[in-house]
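Read off the chains here:
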Protein chains: 2
Amino acid sequence: MNFLTEPQMIEAKSMEIIGQLTGNFPSPEKEIIGRVVHATGDPEMVELLAVHPEAVRAACRVFARGKKIITDVKMVKVGISAPKTAQIGVRVHCAIDEPAVVKEAKEKGLTRAMVAIRTLAEQSAGSMVAIGNAPTALWELIRLVQAGRAEPALIVGTPVGFVGAAEAKEALIRLGLPYITVRGTKGGSAVAVSIVNALLNIYLSGQGDC
Amino acid sequence: MNFLTEPQMIEAKSMEIIGQLTGNFPSPEKEIIGRVVHATGDPEMVELLAVHPEAVRAACRVFARGKKIITDVKMVKVGISAPKTAQIGVRVHCAIDEPAVVKEAKEKGLTRAMVAIRTLAEQSAGSMVAIGNAPTALWELIRLVQAGRAEPALIVGTPVGFVGAAEAKEALIRLGLPYITVRGTKGGSAVAVSIVNALLNIYLSGQGDC
């Protein structure tokens with residue numbers, strides 16, 4: 001077998017191929033869409049990505065101020081680059097396993113992700129919220145913002161599925177806050193992770209204009 | 001806003017929609033493809049999924065014997081249902097952060113996922129290996145099997161990307177061991193997780209014929 005094993009060579013070759021797929025995107029959005037295509041192997045993501053004009057600047061402010069990143073599920077939390085967040089003093093939180101969250105979700109018949117996002121977002125003005133899995137968590141966050149109970153600086157919202165995900169993402173686009181999303185039924189935790197890691201790369205390489 | 005918040009109702013509605021997309025698949029493979037489409041929001045996965053005829057039975061043997069599940073990355077490890085693996089006494093391992101793995105990868109210029117899979121797979125005959133991210137990890141596992149140095153019972157191999165992923169997955173199909181994969185560039189940790197969780201559901205509901 002003949003295959004590339006060296007991490008830097010694989011990365012370079014992959015980014016060369018993806019660079020051709022994402023040729024028309026302006027920088028630094030090109031970094032974001034490149035990471036999403038890299039994480040999914042799905043070139044159609046180029047058509048589905050939607051980035052608010054203030055999104056990258058908002059992310060840079062979150063990082064510069066050492067605010068939190070809040071995630072809906074553990075897969076998103078563990079996928080975000082731990083060395084890079086540690087380097088800039090940003091912590092990543094997920095409340096889905098907290099006993100109070102588990103208890104409330106069970107008692108009220110709600111998804112745990114939804115209760116977890118509410119628990120953290122109400123206390124975290126200026127943070128970044130990354131929702132990769134649960135449409136209910138994104139709906140809940142939108143409701144909290146509209147009610148004046150949460151003020152995230154940026155919402156990375158890429159929940160997945162056939163029940164409410166596409167609608168929740170359209171509602172996110174109309175909300176009026178900085179967002180990054182992918183339209184339609186596709187998405188998932190790997191997509192949310194790739195967007196947050198792209199934002200960290202943009203910030204750490206000084207492209208973020210902030 | 002009007003949306004479903006009750007976990008069981010969302011699940012039922014989603015599975016009803018997905019059931020229509022996966023109508024022609026026989027059971028229990030239908031459970032697997034349903035979970036993959038649920039996790040990705042991508043109906044094209046129906047065409048890409050490839051399941052070896054002995055794969056489900058092999059998974060059930062892994063679970064019945066309390067063998068390990070080995071993963072390439074942490075996102076796969078944390079996504080696999082902890083309550084269900086605990087219930088049947090199966091442990092999920094990922095060596096990517098072990099100091100010896102980090103050191104060897106750096107010294108030899110290899111990917112950490114590749115070294116991590118080798119470290120675990122050589123000591124784990126009869127286990128399930130789930131590779132969701134790194135084509136290099138799947139190539140390495142195939143090489144170890146061909147050299148008689150690893151004997152997994154089942155390989156769930158869904159690495160993603162434009163450099164070596166599709167080729168590694170075709171090599172997996174030709175290897176001669178039970179496998180589950182998705183052809184082409186698509187895949188990722190969420191896909192690997194959804195396949196392993198589907199196998200746990202099949203086993204726990206007694207559909208696995210083992």
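Before reading on, note that the structure itself is shown above.
*Asks:* Account for the interface of chain A and chain B, naming residues and giving values.
*Replies:* Contacts between the two partners involve 42 residues from chain A, matched on the other side by 42 residues from chain B. For the pair chain A and chain B, the summed buried area comes to about 3,200 Å², and 78% of that belongs to carbon and sulfur atoms. Summed over the shared surface of chain A and chain B, the result is zero salt bridges. Connecting chain A to chain B are two residue pairs in polar contact (both at pLDDT 80 or more). Of all the secondary structure elements, the ones that give two or more residues to the side of chain A that touches chain B are α1 (7-21), α2 (29-40), α5 (74-79), α9 (135-146) and α11 (189-204) of chain A. Top element by residues in the side of chain A that touches chain B is α1(A). It accounts for seven residues.

*Asks:* Pulling in residues and values, what's your account of the pattern of salt bridges?
*Replies:* All names here are of chain B. Evaluated as defined, the whole model comprises 25 salt bridges over all chains. Here Asp97 makes a salt bridge to Lys74, at a shortest N to O gap of 3.0 Å. In this pair, Asp97 sits in the loop between β3 (92-93) and α7 (99-108) while Lys74 sits in helix α5 (residues 74-79), placing the two residues 23 residues apart along the sequence. Among the residues examined, Asp97 registers a relative accessible area of 42% and is labelled partly exposed. Residue Lys74 is classed as partly exposed on the basis of its relative accessible area, which comes to 31%. Here Glu140 ties to Arg143 by a salt bridge, and the two come within 2.9 Å at their closest N and O atoms. Residue Glu140 and its partner Arg143 are both found in helix α9 (residues 135-146); the two are separated by three residues, about one turn of the helix.

Rules used throughout
- Here the residue numbers are simple positions, counted from 1 along each chain's written sequence.
- Labels follow written order: the first chain is A, the first ligand is 1, and so on.
- Residue-level local features of this predicted model are given only where pLDDT is at least 70; pairs of side-chain atoms are given and counted only at 80 or more, and the full residue set underlies all totals for whole chains, interfaces and linings.
- The side-chain numbers reported here are obtained from all heavy atoms of the structure, hydrogens and water having been left aside.
- Contacts: residue pairs with any heavy atoms within 4.5 Å of one another.
- Here the buried area means the combined drop in accessible surface, using a 1.4 Å probe, for two parts upon being joined, counting both sides.
- Any carboxyl oxygen of Asp or Glu that lies within 4 Å of a side-chain nitrogen of Lys or Arg is treated as forming a salt bridge with it.
- What qualifies as a polar contact is a pair of N or O atoms within 3.5 Å, subject to a donor-acceptor requirement within protein and to the restriction that residues adjacent in sequence count only when both atoms come from side chains.
- Think of it this way: any DSSP run of H or I at least four residues long counts as a helix, any run of E at least two long counts as a strand, and we number them from the N terminus.
- Working definition: with a 1.4 Å probe on protein chains only, accessible area under 20% of the residue-type maximum means buried, over 50% means exposed, and in between means partly exposed.

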